[in-house]
Amino acid sequence: MILEYQPTQQSRIDLRELKELVRHGENKYVEFKLKTTHPEKIVREMVAFANTDGGKLIVGVADDKSLKGLKFPDEDEFILQRAIEKYIYPAIDYTFERLVIEGEREVLIYNIPKSPFKPHYVDLDGNIENRRAYVRVADRSVQASREMREILKGERKGLSIRFQYGEKEKTLMKYLADNQQITVETYATIANISRKIASRTLIVLVLANVLKVQPHEVQDFFMAA
């Protein structure tokens, strides 16, 4: 069994720890970016970390895990700082540091904790209809589904969930006794209920800790907790 490497959330990092992070590669808690060429895409990773379990975004590292560093770190810091302030809603909490790796080259390291104010969104044009939430899945940041957004909201509010164990819940648990996971669409079909009711039932059961959810960029999967 390979354990996923999780970095410490300490405010400072030295070159030895940085090299250790890079050696293990990207995962649920670590994301590399070579440059800040597309800051509107980079903030997706920060939002995903805030909406999930936190993590580190390191700028100046290539996909092949080579420490390239930034020749003009002041410029990259400014570009990304503007993007964070402009495109993330509501604002996320984070700490920031710069580390010299060789000569005058530096890497930028952003530490993003799990947020108590999720969901956070990427808002590129100020239109509320176009806001997108993201969550971290393995080494990728994927757009959160409507169900996932509602789950994040429920977790934020710390709701005390109560539900009635009726026929549709019995149908669901019977299916999960024979199958590892289920989607909203499959649940709606087997229980002969609308997608809206299927969605709401699954959301409630996740918040009640009866089920757990595995987000996916195509469709979410729900399974017994």
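Attention here is on the structure that accompanies the text. (Residues numbered from 1 in each chain as written. Predicted model: local features only at pLDDT ≥ 70, side-chain atom pairs only at ≥ 80, totals over all residues. Heavy atoms only, no water.)

Inspection of the entire model under this criterion finds 19 salt bridges. Between Lys 170 and Glu 167 there is a salt bridge, with the nearest N and O atoms lying 3.7 Å from each other. You can see Lys 170 and its partner Glu 167 sitting in helix 5 (residues 167-178), three residues apart, about one turn around the helix. Looking at Lys 170, the relative accessible area reads 42%, which means it is partly exposed. Among the residues examined, Glu 167 registers a relative accessible area of 58% and is labelled exposed. One connected set of salt bridges, linked through shared partners, spans Glu 31, Lys 33, Glu 45 and Arg 136. (Salt bridge = Lys/Arg side-chain N within 4 Å of Asp/Glu carboxyl O. Helix = DSSP H or I, 4+ residues; strand = E, 2+ residues; numbered from the N terminus. Buried < 20%, exposed > 50% of the residue type's maximum accessible area, 1.4 Å probe, protein only.)

Now for the pairing of strand 9 (residues 211-214). By the alternation rule, side chains of strand 9 split into Leu 211 and Val 213, which are all buried, and Lys 212 and Gln 214, of which none is buried. Inspection of the sheet shows strand 9 paired to strand 10 (residues 221-224) by four bridges, in the antiparallel sense. By the bridge assignment, Leu 211 is partnered in strand 10 with Ala 224. The hairpin formed by strand 9 and strand 10 contains six residues between the paired strands. (Pairing = 2+ DSSP bridges.)

This brings us to the layout of surface pockets. When its volume is computed, the largest pocket comes out at roughly 480 Å³. As for the largest pocket, its lining consists of 23 residues, of which Lys 28, Thr 52, Met 148, Val 213 and Pro 215 are closest to the centre. Looking at the lining of the largest pocket, the elements with two or more residues in it are strand 7 (132-137), helix 4 (146-157), helix 7 (195-207) and strand 9. By residue number, the principal contributor to the lining of the largest pocket is helix 4, which donates four residues. Of the residues belonging to the lining of the largest pocket, the class tally is eleven nonpolar, four polar and eight charged. In this structure, the second largest pocket encloses a volume near 300 Å³. What lines the second largest pocket is a set of 19 residues, and nearest its centre among them are Lys 33, Lys 41, Arg 44, Glu 45 and Ser 141. (1 Å grid on protein atoms, 1.4 Å probe; cavity = no way out; pocket = protein on both sides within 12 Å on 5 of 7 lines; lining within 4 Å. Points joined across faces, edges and corners; volume = space filled by probe spheres on them. Nonpolar A, V, L, I, M, F, W, Y, C, P; charged D, E, K, R; others polar.)

Packing of helix 2 (residues 39-51) against helix 3 (residues 73-87) leaves a shortest axis separation of 9 Å and a crossing angle of 65°. In terms of orientation, helix 2 and helix 3 fall into the roughly perpendicular class. When the axes of helix 2 and helix 3 are compared, the crossing they make is right-handed. Every residue of helix 3 that contacts helix 2 at Pro 39, Glu 40, Ile 42, Val 43 and Met 46 is listed here: Ile 79, Leu 80, Ala 83, Ile 84 and Tyr 87. Looking at the contact of helix 2 with helix 3, its residues break down into nine nonpolar, no polar and one charged. (Axes fitted to C-alpha atoms, helices over the stretch in contact; angles between N-to-C directions. Parallel < 35°, antiparallel > 145°, perpendicular 65-115°, else oblique. Left-handed = near helix turned anticlockwise from the far one by under 90°. Contact = heavy atoms within 4.5 Å.)

Together, Lys 35, Lys 68, Lys 71 and Arg 105 make up a region of like positive charge exposed at the surface. Residue position: Lys 71 is located in the loop between strand 2 (55-59) and helix 3. (Patch = residues over 30% accessible without salt bridge, like charges linked within 9 Å, V, L, I, M, F, W, Y side chains within 5 Å. Areas by Shrake-Rupley, 256 points an atom, 1.4 Å probe, with all protein chains shown as cover. Lys, Arg positive; Asp, Glu negative; His and termini not counted. Charge placed at Lys NZ, Arg CZ, Asp CG, Glu CD.)

In this structure, Ile 151, Leu 172, Leu 211 and Phe 222 are the most contacted members of the largest nonpolar core, which totals 25 residues. Looking at this core, the elements that each hand over two or more residues are strand 7, helix 4, helix 5, helix 6 (184-191), helix 7 and strand 9. The dominant element in this core, judged by the number of residues it contributes, is helix 7, at six residues. Sequence-distant contacts of Leu 172, that is, excluding residues within four places in its chain, are made with Ile 182, Tyr 187, Leu 202, Leu 205 and Leu 211. Val 43, Val 47, Leu 80 and Ile 84 belong to the second largest nonpolar core, which has 21 residues in total. (Core = buried A, V, L, I, M, F, W, Y, C linked by side-chain atoms within 4.5 Å.)

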